[in-house]
Amino acid sequence: MLIAGNWKMYKGPVEAREFCARLRARLFGLEGVDVIVCPPYPSLHDCCGILANTEIAVFAQNAHWAKEGPYTGEVSPWMLKDMGVGGTLVAHSERRQMFGETDESSALRIEGSLDAGLHVIACVGETETEREAGETENVVVRQLTAIKTVVADENLERLAIAYEPVWAIGTGRTATPEQAEEAHKLIKAHLDVPVLYGGSVKPDNAEALLSMRHVDGALVGGASLEVDSFAAICEAAVRS
Ligand code: PGA
């Protein structure tokens, strides 16, 4: 089981330090779950320091594809690796919807991060309109196909997919365990890697989702911002 907390644009260095120290104490000795936090860039350094030599990994929320170059405002995955970051999220739907991320640019970012030696959680998922139009399978397969083209076999072990139906992100509407299971099964038929569910995962629905056969973990947004709710989801993963 893998539980990743996507902090989005919350928690600067001061808050992040306090959170990580508390999380480290709270999860000490918890076995059977891999835990990741994804702070915003300015907090990465402090989180890497506090969580060094623990079982909790630190991922970025995005990365460029090049090692270095004239790319104002972008961050190199090689630089992230140098500072002790373990991996990165790529293609989150907020990046796709608000910042022009496409299947193609996402694929480049995934390739760059894997080349730099990072792990990657690549996000896929349909919008509400796409689901209602019966397009879920087409959309998810299209997104996966773009990802597959850039992942060499030897790098597959550093890739996970997060299935995040866009209509369930930050809305309090979760996919039912059966809907999640169906999508995860489809994804795994195309790409044999761990698949996390994301979209309004909370302590009270985590166990039902994580108990599904093809659900290998969760990508948690809002509920990852409090130590108690995030830790409760990590503990639910151990029971699932
Ligand atoms: P949420 O966010 O848990 O707040 O719905 C999930 C995500 O955006 O990764």
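Whatever comes next refers back to the structure up there.
None of the values given here were measured: they were computed from a predicted structure.

*Asks:* Sorry if this is basic, but what is going on with the pattern of salt bridges here?
*Replies:* Two side chains that carry opposite charge are able to pair once their charged atoms sit near each other. Under the defined criterion, the tally for this structure stands at 14 salt bridges. Arg-17 is the partner of Asp-46 in a salt bridge, and the nearest nitrogen-oxygen pair spans 3.1 Å. With Asp-46 in helix α2 (residues 41–51) and Arg-17 in helix α1 (residues 13–27), this pair connects stretches of sequence that are 29 residues apart. Across the pair Asp-103 and Arg-96 runs a salt bridge, and its minimum N-O distance is 2.7 Å. Counted as one network, the salt bridges with shared partners bring together Glu-74, Arg-95, Glu-101 and Arg-109.

*Asks:* Would you explain the side chain of Thr-88 in this entry?
*Replies:* With respect to the helices and strands, Thr-88 occurs in strand β4 (residues 87–90). On the basis of relative accessibility, which here comes to 0%, the residue Thr-88 falls in the buried class. Among the polar contacts listed, one links the side chain of Thr-88 to the backbone nitrogen of Asn-62, at a separation of 3.2 Å. Excluding residues that lie within four positions of it along the chain, Thr-88 makes contacts with Phe-59, Ala-60, Gln-61, Asn-62, Ala-63, Ser-113, Leu-118, His-119, Val-120 and Ile-121.

*Asks:* I'm lost on the environment of Ser-76 in this one. Help?
*Replies:* Assignment of secondary structure puts Ser-76 in the loop between β3 (56–60) and α3 (77–82). We classify Ser-76 as buried; its relative accessible area is 5%. In this structure Ser-76 touches Ala-66 and Lys-67, once residues within four positions along its chain are discounted. A polar side-chain atom of Ser-76 sits 2.8 Å from the main-chain carbonyl oxygen of Lys-67.

*Asks:* It is not clear to me how the nonpolar core should be interpreted in this structure. Could you clarify?
*Replies:* Nonpolar side chains tend toward joint burial in soluble globular proteins. In this structure, Ile-3, Val-37, Ile-110, Ile-147, Leu-159, Ile-161 and Tyr-197 are the most contacted members of the largest nonpolar core, which totals 65 residues. Examining the composition of this core, we find that seven residues originate from one element, helix α10 (residues 227–239), more than from any other. Membership of the second largest hydrophobic core comes to 12 residues, among which are Ala-4, Ile-36, Leu-89 and Leu-219.

*Asks:* Before we go on, may I ask you to explain the pairing of β3 in this structure?
*Replies:* Looking along a regular strand, one sees the side chains alternate between the two faces of the sheet. Within β3, four of the five residues are buried, leaving the element largely enclosed by the surrounding structure. Crossover connection from strand β2 (residues 34–38) via α2 to parallel β3: handedness right-handed. Sheet analysis places β3 next to β4, joined by two bridges and oriented parallel. Bridging across to β4, Ala-60 finds its partner in Thr-88.

What counts and what doesn't
- Throughout this document, residue positions are counted from 1 along each chain, in the order its sequence is written.
- Thresholds applied to this predicted model are a pLDDT of at least 70 for local features of residues and 80 or more for the giving and counting of side-chain atom pairs; totals over whole chains, interfaces and linings are not thresholded and use all residues.
- Here the side-chain values reflect all heavy atoms present in the structure, with hydrogen atoms and water set aside.
- Just to be clear on terms, a salt bridge is a Lys or Arg side-chain nitrogen sitting within 4 Å of an Asp or Glu carboxyl oxygen.
- Here a helix means four or more residues in a row that DSSP labels H or I, a strand means two or more in a row labelled E, and each is numbered from the N terminus.
- To sort residues, take the accessible area from a 1.4 Å probe on protein chains only and compare it with the maximum for the residue type: under 20% means buried, over 50% means exposed, and anything in between is partly exposed.
- In protein, a polar contact means a hydrogen-donor-capable atom and an acceptor-capable atom, both N or O and within 3.5 Å, with residues adjacent in sequence counting only if both atoms are side-chain atoms; elsewhere, any N or O pair within 3.5 Å suffices.
- Between two residues, a contact is recorded if the distance between any of their heavy atoms is within 4.5 Å.
- What we call a nonpolar core is a set of buried Ala, Val, Leu, Ile, Met, Phe, Trp, Tyr and Cys residues that are connected through their side-chain atoms within 4.5 Å.
- Call a crossover right-handed when, viewed with both strands pointing away from you, the route from the first strand across the helix to the second goes clockwise.
- Two strands form a pair only when DSSP identifies at least two bridges running between them.

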